[in-house]
Amino acid sequence: MEIYLAHAQGFCAGVARAIEIVDKVLKKYGIPLFVFHEIVHNTFVVEGFKSQGVQFVDDINDVPDGARIIFSAHGVEPSVVARAKEKKLHFIDATCPLVETVHRQALKLSAEGTNVVLIGHREHQEIIGTKGYVDPKLLHIVENLEDIDNLPIDTDKGVGYVTQTTLSPDDTSLLVGRLKERFPKLIVQRSNDICYATQNRQDAVKELCKVCDIVIICGSSNSSNSNRLKETAQKLDVESFLIDSVDDLDMQKLSKKERIGISSGASVPSSIVFKIVSVIQNYFSVKKVHSESTPEAKIVFVFPEI
Ligand code: SF4
């Protein structure tokens, strides 16, 4: 057996920044400290902060007036910021700067009176945050081609769109193509808003699929980009499954495989992947672990004042 590690995987710059913000705030001010939604979609990271006393809330009204709170990397709707101000909360925004770019694009379209189509998953925190920047009368969320066909917008009306940052580029270009067909005046600000980390991780999984019999994706089930990695492999007819930690590893699935690919979502600590590799090495006879350095090592986002 040989193991191939994806050349781009693990923490992206937005996740690393959000986690460092919580670490620094915790160190400087201690508890009580609240985080609005999971800081990033990873069980290990969230449980680690919970064990240090950090409280995660899904409703800003559950936070005591005047308390300290951090907004998650996925971004929040402006109404949450407004409520935080009313409650005199000390808030620090850990929204990924790439998500903030999408917020600005959505806000601009909406302010111009343009219908705004949000391409993404309705229930995902990022889309919930972004939709708050759009006038509800101009807002349309689409997840698939059928949703686009059913949009209640006249074809001669101006329509713009933005996308969730963690989608599949291939699926998204199909949806944008259908939007272009339906709305000849479609406003294209950028072909899509899928971030560099999502793109790089999906490209890396495609590379793994050229040589591997099976691809393990490490990531939590509510992590959008991790799920897209699993689907990327499956669409190439390579068996793939998602695991949150080494405890979910099913050795039976690996027993007859010769080349195991391993990748991880943008919110997964590298220690989890190392542990998975080590457990597989202890269980099977592994000839070689192939690994290349990441091309993202130098990407760092500006840090907010704490
Ligand atoms: S996955 Fe992309 S958009 Fe999301 S936090 Fe990471 S860099 Fe930012």
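Note that the structure is a prediction, hence the values are computed from the model and not measured.

Concerning the overall build of the protein chain
Consideration 1: When helices and strands are counted, the protein chain shows eleven helices and twelve strands.
Consideration 2: Relative to its length of 306 residues, the protein chain is compact, with a C-alpha radius of gyration of 21 Å against a globular reference of 19 Å.
Consideration 3: Overall, the protein chain is about 60 × 55 × 30 Å in size when its C-alpha atoms are taken along their principal axes.
Consideration 4: Counting every position in the protein chain, which comprises 306 residues, the buried fraction comes to 51%.
Consideration 5: Expressed as a percentage of contacts within the protein chain between residues at least 6 apart in sequence, the contacts between residues at least 24 apart total 73%.
Consideration 6: Total accessible area on the protein chain is roughly 14300 Å²; 50% of this is exposed by carbon and sulfur atoms.
Consideration 7: Across the protein chain, the centroid of the 35 positively charged side chains sits 4 Å from that of the 41 negatively charged ones.

Considerations on helix 2 (residues 43-50)
Consideration 1: When we look at burial in helix 2, the residues that qualify are Val45, Val46 and Phe49. The buried residues of helix 2 occupy an angular sector of 95° when the element is viewed end-on, so they sit on one face.
Consideration 2: If you follow the buried residues of helix 2, they end up packed against helix 1 (13-29) and strand 3 (55-57).
Consideration 3: With a side-chain oxygen positioned 3.0 Å from the backbone nitrogen of phenylalanine 44, the residue opening helix 2 is asparagine 42.

Notes on the site of the ligand
Consideration 1: What surrounds the ligand is the set Cys12, Gly14, Val15, Cys96, Leu98, Val99, Thr165, Thr166, Cys195 and Tyr196.
Consideration 2: Classifying every residue of the shell around the ligand by side-chain character gives seven nonpolar, three polar and no charged.
Consideration 3: The residues that make up the shell around the ligand include at least three from each of domain 2 (13-96) and domain 3 (98-182).

Quick notes on the sheet that holds strand 7 (residues 139-142)
Two modes of strand pairing occur in sheets, parallel and antiparallel, and in both the strands are linked by backbone hydrogen bonds.
Consideration 1: Taken in spatial order, the three strands of this open sheet run 7-6-8, and their pairing is parallel. Whereas interior strands pair on both sides, the edge strands pair on one side only; in this sheet they are strand 7 and strand 8 (159-163). On average, each strand axis in the sheet is inclined to that of its neighbour by 25°, with strand direction left out of account.
Consideration 2: Pairing between strand 6 (residues 115-119) and strand 8: five bridges, direction parallel. Residue pairing across strands places valine 116 opposite glycine 160, the latter belonging to strand 8.
Consideration 3: Running at roughly 165° to strand 8, helix 4 (residues 97-111) makes contact with strand 6 and strand 8 of the sheet.
Consideration 4: Across the sheet, helix 7 (residues 169-182) touches strand 6 and strand 8, and the angle it forms with strand 6 is around 155°.

A few points about unusual backbone geometry
Consideration 1: A cis amide bond links isoleucine 31 to the next residue, proline 32, at an omega of 5°.
Consideration 2: For histidine 37, which is not glycine, the phi torsion reads 65° and is therefore positive.
Consideration 3: With respect to the helices and strands, the residue histidine 37 is situated in the loop between strand 2 (34-36) and helix 2.
Consideration 4: Among the residues examined, histidine 37 registers a relative accessible area of 12% and is labelled buried.

Looking at the environment of arginine 201
Consideration 1: Turning to its location among the elements, arginine 201 is positioned in helix 8 (residues 196-211).
Consideration 2: Residue class for arginine 201 comes out buried when judged on its relative accessible area of 1%.
Consideration 3: When the C-alpha atoms of arginine 201 and glutamine 281 are compared, they prove to be 24 Å apart, with 80 residues separating the residues in sequence.
Consideration 4: Ignoring anything within four residues of it in the chain, the contact list for arginine 201 reads Ala8, Gln9, Gly10, Phe11, Cys12, Leu229, Ser264, Gly265, Ala266 and Glu296.

Brief notes about the domain arrangement of the protein chain
Many structure descriptions define interface size as the accessible area lost when the parts assemble.
Consideration 1: In terms of domains, the protein chain is made up of domain 1 (2-11 + 195-290), domain 2 (13-96) and domain 3 (98-182).
Consideration 2: Using only C-alpha atoms to locate each centre, domain 1 and domain 3 end up separated by 31 Å.
Consideration 3: Each partner contributes residues to the interface: domain 1 has ten residues there, and domain 3 has eleven residues.
Consideration 4: Together, the buried faces of domain 1 and domain 3 total about 830 Å²; carbon and sulfur atoms form 48% of this surface.
Consideration 5: Three residues, Cys195, Ser224 and Arg228, lead the burial of domain 1 against domain 3; their summed loss comes to 43% of the area buried on that side.
Consideration 6: Where domain 1 packs against domain 3, one counts two salt bridges.
Consideration 7: When the shortest N-O distance is used, the salt bridge between aspartate 170 and lysine 206 registers 3.0 Å.
Consideration 8: On the surface where domain 1 and domain 3 come into contact, there are eight residue pairs in polar contact (both at pLDDT 80 or more).

Scoring rules and cut-offs
- Starting from 1, residues in each chain are numbered consecutively following that chain's sequence as written.
- Totals for whole chains, interfaces and linings use all residues, but because this is a predicted model, local features are given only for residues with pLDDT of at least 70 and pairs of side-chain atoms are given and counted only at 80 or more.
- Remark: hydrogens and water are excluded; side-chain values derive from all non-hydrogen atoms of the structure.
- The helix count covers DSSP runs of H or I at least four residues long, the strand count covers runs of E at least two residues long, and both are numbered beginning at the N terminus.
- For this measure, only C-alpha atoms enter the radius of gyration; the expected value for a globule follows 2.2 Å times N^0.38, where N is the number of residues.
- Partly exposed residues are those whose accessible area sits between 20% and 50% of the maximum for their type, while under 20% is buried and over 50% is exposed, using a 1.4 Å probe and protein chains only.
- Pairs of residues are marked as contacts when any of their non-hydrogen atoms sit within 4.5 Å.
- Using a 1.4 Å probe, the Shrake-Rupley method yields the accessible areas, and only the shown protein chains count as cover for residues.
- Charged residues are defined narrowly, with Lys and Arg counted positive, Asp and Glu counted negative, and His plus the chain ends left uncounted.
- Here the site of a charge means atom NZ of a Lys, CZ of an Arg, CG of an Asp or CD of a Glu.
- Read the arc as the range of directions from the helix axis to the C-beta atoms.
- We call two N or O atoms a polar contact when they sit within 3.5 Å, provided that within protein one can donate a hydrogen and the other can accept it, with sequence-adjacent residues counted only if both atoms are side-chain atoms.
- The nearness test applies per residue and asks whether one of its heavy atoms lies within 4 Å of the molecule or strand.
- The classification used treats Ala, Val, Leu, Ile, Met, Phe, Trp, Tyr, Cys and Pro as nonpolar, Asp, Glu, Lys and Arg as charged, and all other residues, Gly among them, as polar.
- The split into domains, and so the bounds of each, comes from an automatic or database assignment of domains.
- Pairing between two strands requires that DSSP report at least two bridges joining them.
- Axis definition: a line fit to C-alpha positions, over the contact stretch in the case of helices; interaxial angles, taken between N-to-C directions, run 0 to 180 degrees.
- Here the quantity called buried area is the accessible surface, traced with a 1.4 Å probe, that two parts lose on coming together, added over both.
- Whenever a carboxyl oxygen of Asp or Glu lies within 4 Å of a side-chain nitrogen of Lys or Arg, that contact is scored as a salt bridge.

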